[in-house]
Amino acid sequence: MARKMLLDGELSKPNEDEVHYDFDLFVIGAGSAGVRASRMSARHGAKVGICELPFHPISSEVIGGVGGTCVIRGCVPKKILVYGASYGPDLEDARNYGWELNEKVDFNWKKLLQKKTEEIIRLNGVYKRILSSNGVKLFEGEGKLVGPNEVEVTQLDGTKLSFSAKHVLVATGSRAQRPAIPGQELAITSDEALSLDELPKRVVILGGGYIAVEFASIWRGMGATVDLCFRKELPLRGFDDEMRAVVARNLEGRGINLHPRTSLTELIKTDDGIKAITDHGEELTADVVLFATGRKPNTERLNLKVAGVELDNTGAIKVDEYSQTNIPSIWAVGDVTNRMNLTPVALMEGMFFANTVFGGNPTKPDYTNIPFAVFCIPPLSVVGLSEEQALEQAKGDIKVFTSTFNPMKNTISGRQEKTVMKLVVDAETDKVIGASMCGPDAPEIMQGIAVALKCGATKRQFDSTVGIHPSAAEEFVTMRDVTRTIVSKQPKL
Ligand code: NDP
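So, here is what we can say about the structure in this document. (Residues numbered from 1 in each chain as written. Predicted model: local features only at pLDDT ≥ 70, side-chain atom pairs only at ≥ 80, totals over all residues. Heavy atoms only, no water.)

**A short note on the overall build of the chain**
Regarding its fold elements, the chain presents 14 helices and 22 strands. Relative to its length of 493 residues, the chain is compact, with a C-alpha radius of gyration of 24 Å against a globular reference of 23 Å. Seen through its C-alpha atoms, the chain measures out along the principal axes to roughly 75 × 65 × 45 Å. A buried classification covers 50% of the 493 residues belonging to the chain. Here the contacts in the chain between residues at least 6 apart in sequence split such that 63% fall between residues at least 24 apart. Here the chain displays about 23,200 Å² of accessible surface, and carbon together with sulfur accounts for 52% of that area. (Helix = DSSP H or I, 4+ residues; strand = E, 2+ residues; numbered from the N terminus. Rg over C-alpha atoms; globule rule 2.2 N^0.38 Å. Buried < 20%, exposed > 50% of the residue type's maximum accessible area, 1.4 Å probe, protein only. Contact = heavy atoms within 4.5 Å. Areas by Shrake-Rupley, 256 points an atom, 1.4 Å probe, with all protein chains shown as cover.)

**A look at the pairing of strand β4 (residues 142-147)**
The side chains of a regular strand alternate between both faces of the sheet. Looking at chain direction, β4 and strand β5 (residues 150-154) are connected through five bridges and run antiparallel. Paired with Lys144 across the two strands is Glu152, which belongs to β5. The hairpin turn running from β4 into β5, its antiparallel successor, is two residues long. (Pairing = 2+ DSSP bridges.)

**Describing the sheet that holds strand β9 (residues 225-229)**
Strand order in the open sheet made by the four strands is β10-β9-β8-β14, with parallel pairing throughout. Each having just a single partner strand, β10 (257-259) and β14 (288-291) make up the two edges of the open sheet. Taking each pair of neighbouring strands and ignoring which way they run, the sheet shows an average axis angle of 15°. As judged from the five bridges shared by strand β8 (residues 202-206) and β9, these two strands associate in the parallel manner. Looking across to β9, one finds that Val204 is bridged to Asp227. Against the sheet, helix α7 (residues 210-221) contacts β8, β9 and β14, and its axis sits at roughly 165° relative to β9. (Axes fitted to C-alpha atoms, helices over the stretch in contact; angles between N-to-C directions.)

**Focus: the packing of aromatic side chains**
Applying the stated criterion across every chain, the model contains 11 aromatic pairs. Taken together, a centroid distance of 6.2 Å and an interplanar angle of 75° make the contact between Phe23 and Phe139 edge-to-face. Linking Phe23 in strand β1 (residues 23-28) with Phe139 in strand β3 (residues 137-140), this pair joins segments that are 116 residues apart in sequence. In this structure Phe23 comes out as buried when scored by relative accessible area, which is 8%. Accessibility expressed as a relative area gives 12% for Phe139, which makes it buried. Through a chain of ring-to-ring contacts, the aromatic side chains of Phe23, Phe26, Phe139 and Phe163 assemble into a single cluster. Over the face of the ring belonging to Phe401 we find Lys459, whose NZ or CZ atom lies 4.1 Å from the ring centre. (Phe/Tyr/Trp six-rings, centres within 6.5 Å; stacked < 30°, edge-to-face > 60°. Lys NZ or Arg CZ within 6 Å of the ring centre and 35° of its normal.)

**Comments concerning the side chain of Arg36**
On the secondary structure map, Arg36 appears in helix α2 (residues 32-43). Here Arg36 sits buried without a salt bridge, and the closest side chain of opposite charge, Glu349, lies 12 Å off (N-O distance). (Lys, Arg positive; Asp, Glu negative; His and termini not counted. Salt bridge = Lys/Arg side-chain N within 4 Å of Asp/Glu carboxyl O.)

**Examining the site of the ligand**
In the vicinity of the ligand there are 21 residues, among which Gly208, Lys232, Arg237, Asn341 and Ala373 approach most closely. At 3.1 Å, a side-chain N or O of Glu214 approaches a nitrogen atom of the ligand. Measuring from a nitrogen atom of the ligand, one finds a backbone N or O atom of Ala373 at 2.8 Å. Compared with its free state, where it exposes 910 Å², the ligand has 77% of that area covered by protein. Take the shell around the ligand: its biggest share by element is three residues, from α7. Taken together, the residues of the shell around the ligand sort by class into eight nonpolar, seven polar and six charged. (Near = heavy atom within 4 Å. Polar contact = N/O pair within 3.5 Å; in protein donor to acceptor, adjacent residues only side chain to side chain. Nonpolar A, V, L, I, M, F, W, Y, C, P; charged D, E, K, R; others polar.)

**Brief notes about the sheet that holds strand β12 (residues 273-278)**
Spatially, the three strands line up as an open sheet ordered β11-β12-β13, and their pairing is antiparallel. Two strands in the sheet have a free side with no partner beyond their single neighbour: β11 (264-270) and β13 (283-286). Within this sheet the neighbouring strands show an average axis-to-axis angle of 25°, counted without direction. Sheet topology places β11 next to β12; six bridges connect them, and they run antiparallel. Looking at β12, one finds that Ile268 is bridged to Lys275.

**Description of the layout of surface pockets**
If you roll a probe as big as a water molecule over the atoms, it shows you where there is empty space left. Here the second largest pocket defines a volume of roughly 790 Å³. In this structure, the second largest pocket is lined by 32 residues; those nearest its centre are Pro378, Pro379, Lys409, Pro440 and Asp441. The set of elements that each furnish at least two residues to the lining of the second largest pocket consists of α4 (75-94), α12 (408-413) and α13 (442-454). In terms of residue count, the dominant contributor to the lining of the second largest pocket is α4 (six residues). (1 Å grid on protein atoms, 1.4 Å probe; cavity = no way out; pocket = protein on both sides within 12 Å on 5 of 7 lines; lining within 4 Å. Points joined across faces, edges and corners; volume = space filled by probe spheres on them.)

**A short note on the state of the cysteines**
Scanning the model with the defined rule gives zero disulfides in all. Counting only cysteine sulfurs, Cys376 is the nearest neighbor of Cys229, a cysteine outside any disulfide, at a range of 17 Å. (Disulfide = S-S within 2.5 Å.)

**Quick look at the pattern of salt bridges**
Tallying each qualifying case throughout the model produces 27 salt bridges. When the shortest N-O distance is used, the salt bridge between Arg415 and Asp93 registers 3.0 Å. Residue Arg415 is located in the loop between α12 and β20 (419-426), and its partner Asp93 is located in helix α4; the two are separated by 322 residues in the primary sequence. Its relative accessible area of 14% is what places Arg415 among the buried residues. On the basis of relative accessible area, Asp93 is assigned to the buried category, the value being 8%. Notably, a salt bridge pairs Lys104 with Asp106, separated by 2.7 Å at the nearest N-O pair. On the basis of relative accessibility, which here comes to 71%, the residue Lys104 falls in the exposed class. We classify Asp106 as exposed; its relative accessible area is 61%. The structure contains a network of salt bridges with shared partners spanning Asp240, Glu242, Glu387, Lys422 and Arg484.

Here you go:
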């Protein structure tokens, strides 16, 4: 019934006889998804309230901050540290370009940390102003549901505020999870890693996902010894296998010690730091051990059971294609729904929620051809299908085009690191269905390639596009020779 009303656009037209609510929409969580959803809903004319935990760079169950993970303890500070770390190897590369770096070059971690903190405080203020300038009322405190249309916000001093709302949107994100091994409390997560008082000299990282390889690059770039332990043969499970191998080679080439098929079984505090024991019996000593072992949705303290909201077996809120839960007045967007846990996706879900509920334009988020980037050094970026996914999904045969080359900068700097690009093409339709690149500026290049894939570009159209010379990007339009053709696993119709 609610869905029928919704699709008819009737929910955006209040009925005079309806119950009076304090708000048309109350949002729990002011991260990327919550802020976007609330301000777009307000622009559609809704009266919107939002709550968020007080600000701190390191989150806990009672501390967070407007801007959320991405802005305060995720993408933004991480990218600042990636920039900071990149100067180290860039300075080495500069020597063959004639830069005489005669005096000892020092890296001042505390200075970068301070600059990073200033920037996230500035952004926290920007996000607060975005909310107020759009007429969204912000309440600082922990929100929880007390019914399908009721929210309670507990402020830092213990004061409880109660609100009713026609719609409640949960956008509380996720938090790092820790494997339950002895001594696990000695390890840190990415939250603390972005705010360490001292730069570690020796680091052990557990995990082979985004955060693990990004922090391996950051700390190595800043001069630390890095041991990266991951369970699979290669890091970045789920990405194109060939590109995973390229990332592994580059990490190793930059001096990171890779430990494939390795997990940690115990952490022990010693006079010399933390001893990390691997499941092969190896002992690695570190100043810092980072657990980069995934994140779990923030649903535990929301009282969702009382409101009857269904969760999946990962603890994520179950939603339909419009982000509506099984309780018609309650919706959820972003990482708390564990669909595709990326900031731009959370923004899309937040915006489409506002269009659906208050804009009179029900819109389903479109998860096809979403580009990703892993900000290891050099970065990996992809859009569409990996070669393995194409083989599983495509109806016909697949053509793979690859290019491996020495980036022009390296011909002079002497850095031994190739850039690798790949296009996956549907042999029958000639459509490009996947693209990947590992090399400098890959994310900047891949954003444009994503537009081409979204438009359904064919390989012929890529080939007919004139390149920008000299650039690495031009390789994407000059891959003339097919590297291999792979016969589809799907039965031919
Ligand atoms: P990921 O899900 O990317 O990777 C988790 C890693 O931890 C995997 O290698 C996994 O191994 C390993 N792992 C999980 N449990 C254990 C365990 N008990 N013991 C040993 N290893 C374990 O998570 P991250 O923490 O790296 O990042 C969280 C999410 O944040 C990402 O999924 C992504 O959505 C987002 N993110 C996005 C970024 C970007 O867009 N650039 C940057 C950072 C984060 P296995 O593969 O064997 O399961």
